[in-house]
Amino acid sequence: MIMVFYGSNGKSNPVSMENKVEHQTENQITYYIHLPSDLGMLYKVRLGLQSLENNISQLSLHHFKIQNTSTLDTFSLTINKTLPVSSNGDRWIEFPIQWPLNETLSVVTYHLTVFSRNILNERNLVHMTACIYGTYGDTGDRSLLQSLQNVQQGEKNESFLVMVDAVDLGELEKILLSISSKTDCKLHIKKLHVQEAAKEHPIYVFEVNEEFSVNANKPKIQREIPGSFIIRGEKQKNDIDNNLNKEGSQVKNLTEYTIKVYTGDKRGAGTDANVHIILFGNEDKSEVFQLSQSLENQNPFERGKVDSFKIKTKNLGSLCSIEIGHDGKGFASGWFLEKVEIRDAARNSMHCFSCNRSVDHSIIPLYISFSHI
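The text that follows walks through the structure, step by step, so that each part is easy to find. (Residues numbered from 1 in each chain as written. Predicted model: local features only at pLDDT ≥ 70, side-chain atom pairs only at ≥ 80, totals over all residues. Heavy atoms only, no water.)

This paragraph deals with the packing of aromatic side chains. Scanning the entire structure with this criterion turns up four aromatic pairs. Judged by centre distance (5.7 Å) and plane angle (25°), the rings of Phe301 and Phe309 are stacked. Neither residue differs from the other here; Phe301 and Phe309 are each classed as buried. Feature note: the residues Phe301, Phe309 and Trp335 constitute an aromatic cluster, connected by ring pairs. Directly above the ring of Tyr6 sits Lys44, whose terminal nitrogen or CZ lies 4.3 Å from the centroid. Above the plane of the ring of Phe336 lies Lys266, whose end atom (NZ or CZ) is 4.2 Å from the centre. (Phe/Tyr/Trp six-rings, centres within 6.5 Å; stacked < 30°, edge-to-face > 60°. Buried < 20%, exposed > 50% of the residue type's maximum accessible area, 1.4 Å probe, protein only. Lys NZ or Arg CZ within 6 Å of the ring centre and 35° of its normal.)

In structure tokens:
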């Protein structure tokens, strides 16, 4: 069993309960845990199992009590749950900590809907998790393929629902997606929707639009998906649903763009971070595209290299600007971007966006805009 503690100033690393037993009786175990003082006021705990490799392992939890040994402030809660949770196979539970004179957050059931093309056929071989981040913390990694609901599967489009119980996250900001597989495969994920189960709105939309090449012999793939937009009303949802229903007839009207990214030829110019781009035209803007599958190089964005990517999106009109950036992940995340060239296949036109500067996530905004020259 492990726990993660959330405070007003951050969260702890996962704390294993192994070797921390102070007192034990037949129905009660007391642990002594030392937490960093800079966590601030504790407001929630995530409690769970280290792994689910042993399928017969279960943990029945009846009551939880935490006491600050310095101030003697005490919080207790009746839980009465068994891990993994039978309804959704989750190996985590979360609950808020209530202290005197402090407002307590509520526990919320989130509906996370995955829109994809071919994940359902591979789900027995694939391990996929999502960590949802909001203004009040995160959910930790939650399995997406353990217990699916509302499964809809067509020839080219599919979707399924995953339920996540967590302490209220506030405004949702991003999702960290992790994918691994027992065999080599390609998985196409279109987007993710997240909303509270008890509310029809808002619906948080996270555009992915990426085909992941998963290799069984390589580490898991991780993508940080920023929020794309929020559906706040029924009319907006209906408009989007109507567009989705017309998707099959509109495929022929999609415009293909070839994006060439030039990384500078100087020391430290390359990056291991995840790069994404948005295209802006005089009629519309594209969704967020993750630039991960280079047509030339297995490891994109290396020093002095040119990487090409093909994307398809709705008609944007004449391209006028782009927005490009990275998530700062990886050992070497700084990136010297020389320029980006984009060919519009429908208009047979080329657009060049010059940069000639370092894109360092630590000192400049996540996204950088350039004007077409």
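Moving on from the model shown.
Turning our eyes to something else, we now look at the environment of Gly317. Note on placement: Gly317 falls in the loop between β24 (306–313) and β25 (319–326). Residue Gly317 is classed as buried on the basis of its relative accessible area, which comes to 0%. For Gly317 and Phe280, which are 37 residues apart along the polypeptide, the C-alpha to C-alpha distance reads 8.6 Å. Filtering out sequence-adjacent residues up to four positions away, Gly317 remains in contact with Tyr257, Asn282, Glu283, Asp344 and Arg347. (Helix = DSSP H or I, 4+ residues; strand = E, 2+ residues; numbered from the N terminus. Contact = heavy atoms within 4.5 Å.)

Structurally, the position occupied by Gly7 is in strand β1 (residues 2–7). On the accessibility criterion, Gly7 (5% relative accessible area) is buried. In this structure the C-alpha to C-alpha distance between Gly7 and Ser37, which are 30 residues apart in sequence, comes to 9.8 Å. Those residues in contact with Gly7 that lie beyond four places of it in its chain are Leu39, Met41, Leu42 and Tyr43.

Ordered by their spatial adjacency, four strands build an open sheet running β24-β21-β26-β27, and the pairing between neighbours is antiparallel. The sheet terminates laterally at β24 and β27 (349–359), the two strands that pair on one side only. Strand-to-strand twist across the sheet, computed as the mean angle between neighbouring axes with direction ignored, equals 20°. Across seven bridges, strand β21 (residues 255–263) lies against strand β26 (residues 335–344) in antiparallel orientation. (Pairing = 2+ DSSP bridges. Axes fitted to C-alpha atoms, helices over the stretch in contact; angles between N-to-C directions.)

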